Amino acid sequence: MLLSMIVLIPLIFAVLTLLTRTRAQARALALVSSVAVLLLTIYTYFMFDSTSAATQFEEMYTWVPTLGISYNLGIDGISLPLILLNAIVIPLLILFTWNDEKHAPNRFYSLILITQGAVLGVFCALDFFLFYVFWELTLIPLFFMVSMWGGPKKHYASIKFFIYTHVASLVMLLGIFGLYFAAWSNTGTPSLNIPYLLSQFQFVGSGMTRDLIFLALLFGFIVKLPVFPFHSWLPDAYTEAPTAGSVLFVLLKIGGYGIFKIMLPLLPFTASPNLMITIMGALGAVSVLYGAFLALAQQDMKRMVAYSSLSHMGYVTLGAAGLVSLSVSGAMFQQFSHGLIMSIMFMACGVINNATGTRIMNELGGLAQRMPKLAVIMVLAFMASLGLPGLTGFIAEFSVLSGSFVNLQGYVVIALMAIVITGAYHLWALQRSMFGVYKEKLGNVVDINGYQTFAMGLIAILIVYFGLNPSPVLDMMLTNSEYLVGLMAGMGV
């Protein structure tokens, strides 16, 4: 019942939060729920065997036997770090917004909890029916989060996000149907159990059918991740969303999770594994470089951070395609690291916009003089994002690049070209906004409050801690990546 509690508590509290009448009641219930999930996740973490790649804490109940649907939850070294990331950041996000004067606070905090429950459900689901229900459920709260509390183009951004990712989800559903009916035809037994269907993929008769199923599933995941050229929903949604919405998007790691959990076990049994590796490697490398160039061209700090996110997600696809345990585990760690770093960066953008009324970097300057606490935390997050040694970003990107170089030299060279650009736009943004002469037209700007300092400061400490000591999460990722790479080697990939 442990995983059920982790998934269901935020969903139950979302309903209770919706029924509250005051901001104090709504935020208090949301905090209680998120802290309960955090405590359960910490307990799960300490009970988890990181030396095993097997599914742990499994819960299995038959639901609709005639269709092969079951209530089946379980976690492994791919999912637990992402559950931990979500459980850590959500209560800090609620504290960060503690003093926000938003209309309809009951709906606001309820949507945060629904998003958390849906994302955790995706990470825990071992049945494709549950997986897809939770996957689609993530769309709804994020759509309303943007459309209700977003910026001037909130309706355009929310609809674009919904259409893009929903169409991709439907294509992914076709892939699930293909897998389901092919296995049913071969065995005579209907089942939507994910490990079972992955094991049956190799027996699908036609190589073209296997490739089409693989590409349909891959499309669904890389649009959600996203990577070039399916990324255009990202800058609009991330930029127009309120700060809390942007952080929720950052925690939406279900696209990358699908690549490791579903795509890599299928990859060696496709008819064209080398072509699939080429597609994934090329998309990853181009995303790293293209995202960096676009980030460099931005004047809006939040839009720059959004394109920076696209560049960082390119490392996930590139590392997965690298097919050595170092690159695959580094790509998994990139998801964890990215969640921490980008949470602070979007929080910083929100604080600056609220304090000065603008995010345009040419209109800012000298904010460190008036906002010293924000300046310290922001500099650390920007340094982590550009890959400074000693911080989480360096561990992830170094692992991906050095590991992928074994099999994908050309793509790694393309990604390496982005390093200088990445450093340039981060340092340029810091210089223009935080340092130099303070622009008096910005008015009487005050520093971040106590709740914001605690939330952002604690995430910053975690960036340093896991940068110096990544083993608490990297070891379990390494165990699962070695299993996946061993599977590939066994099939001669």
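Just above sits the structure.
Residues numbered from 1 in each chain as written. Predicted model: local features only at pLDDT ≥ 70, side-chain atom pairs only at ≥ 80, totals over all residues. Heavy atoms only, no water.

(A) Representation of the overall build of the protein chain in the model. Secondary structure summary: the protein chain contains 22 helices and 2 strands in total. Over its C-alpha atoms the protein chain spans a radius of gyration of 22 Å, differing by no more than 12% from the 23 Å that the globule rule assigns to 493 residues. Long-range contacts, defined here as pairs at least 24 residues apart, represent 81% of the contacts in the protein chain between residues at least 6 apart. For the protein chain, the accessible surface area stands at approximately 17,100 Å², while carbon and sulfur atoms represent 69% of it. (Helix = DSSP H or I, 4+ residues; strand = E, 2+ residues; numbered from the N terminus. Rg over C-alpha atoms; globule rule 2.2 N^0.38 Å. Contact = heavy atoms within 4.5 Å. Areas by Shrake-Rupley, 256 points an atom, 1.4 Å probe, with all protein chains shown as cover.)

(B) Expanded view of the nonpolar core. Grouped together as the largest cluster of nonpolar side chains are 183 residues, with contacts concentrated most on Phe 131 and Leu 264. The element best represented in this core is helix α15 (residues 325-356), accounting for 16 residues. (Core = buried A, V, L, I, M, F, W, Y, C linked by side-chain atoms within 4.5 Å. Buried < 20%, exposed > 50% of the residue type's maximum accessible area, 1.4 Å probe, protein only.)

(C) The arrangement of the side chain of Thr 356 in detail. Tracing the backbone shows Thr 356 in helix α15. Polar contacts involving the side chain of Thr 356 include one to the main-chain carbonyl oxygen of Ile 352, which spans 2.7 Å. At 3.0 Å, the side chain of Thr 356 forms a polar contact with the backbone oxygen of Thr 358. Other than its neighbours up to four places away in sequence, Thr 356 contacts Leu 364, Leu 367, Leu 442 and Val 445. (Polar contact = N/O pair within 3.5 Å; in protein donor to acceptor, adjacent residues only side chain to side chain.)

(D) View of the pattern of salt bridges. A full pass over the atoms with the stated rule returns 6 salt bridges. A salt bridge links Glu 101 to Arg 23, with the nearest nitrogen and oxygen atoms 3.1 Å apart. With Glu 101 in the loop between α3 (79-96) and α4 (105-124) and Arg 23 in helix α2 (residues 23-47), this pair connects stretches of sequence that are 78 residues apart. Among the residues examined, Glu 101 registers a relative accessible area of 67% and is labelled exposed. The exposure class of Arg 23 is partly exposed, given its relative accessible area of 22%. The closest approach of N and O atoms between Lys 160 and Asp 236, which form a salt bridge, is 2.9 Å. Of this pair, Lys 160 sits in helix α7 (residues 154-187) while Asp 236 is found in helix α10 (residues 233-240), placing the two residues 76 residues apart along the sequence. The buried category is assigned to Asp 236, whose relative accessible area is 12%. (Salt bridge = Lys/Arg side-chain N within 4 Å of Asp/Glu carboxyl O.)

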